[in-house]
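Each chain, written out:
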Amino acid sequence: MNYLLDLFDYQSTNLFLVGEFHLGLVTLSLVIAALSAFMAFQVAQQATTTPLWG
């Protein structure tokens, strides 16, 4: 059973455990996500009010 645990073992110097973030990029990402969700809702609303034929 230890071979299963070895699959999820990681070294303490693994680069995936070290992270940085830049506040400007995080803010930009959130703004893009919010605007794209808003546009998706607009398209969905327009699709429900537009007749399929004509």
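**Student:** Would you mind going over the overall build of the protein chain with me for this structure?
**Tutor:** Helices and strands together make up the secondary structure of the protein chain, namely two helices and zero strands. A burial count over the protein chain gives 0% of its 54 residues as buried. Taken as a whole, the protein chain presents about 5700 Å² of accessible surface, with 70% of it coming from carbon and sulfur.

**Student:** Help me understand a nonpolar patch on the surface in this model?
**Tutor:** A cluster of nonpolar side chains, contributed by Met1, Tyr3, Leu4, Leu7 and Phe8, occupies part of the molecular surface with about 680 Å² of accessible area. Tracing the backbone through its elements, the reader meets leucine 7 in helix H1 (residues 2-7). Judged by relative accessible area, leucine 7 falls into the exposed class, the value being 63%.

Definitions and limits used
- Residues numbered from 1 in each chain as written.
- Predicted model: local features only at pLDDT ≥ 70, side-chain atom pairs only at ≥ 80, totals over all residues.
- Heavy atoms only, no water.
- Helix = DSSP H or I, 4+ residues; strand = E, 2+ residues; numbered from the N terminus.
- Buried < 20%, exposed > 50% of the residue type's maximum accessible area, 1.4 Å probe, protein only.
- Areas by Shrake-Rupley, 256 points an atom, 1.4 Å probe, with all protein chains shown as cover.
- Patch = residues over 30% accessible without salt bridge, like charges linked within 9 Å, V, L, I, M, F, W, Y side chains within 5 Å.
- Salt bridge = Lys/Arg side-chain N within 4 Å of Asp/Glu carboxyl O.

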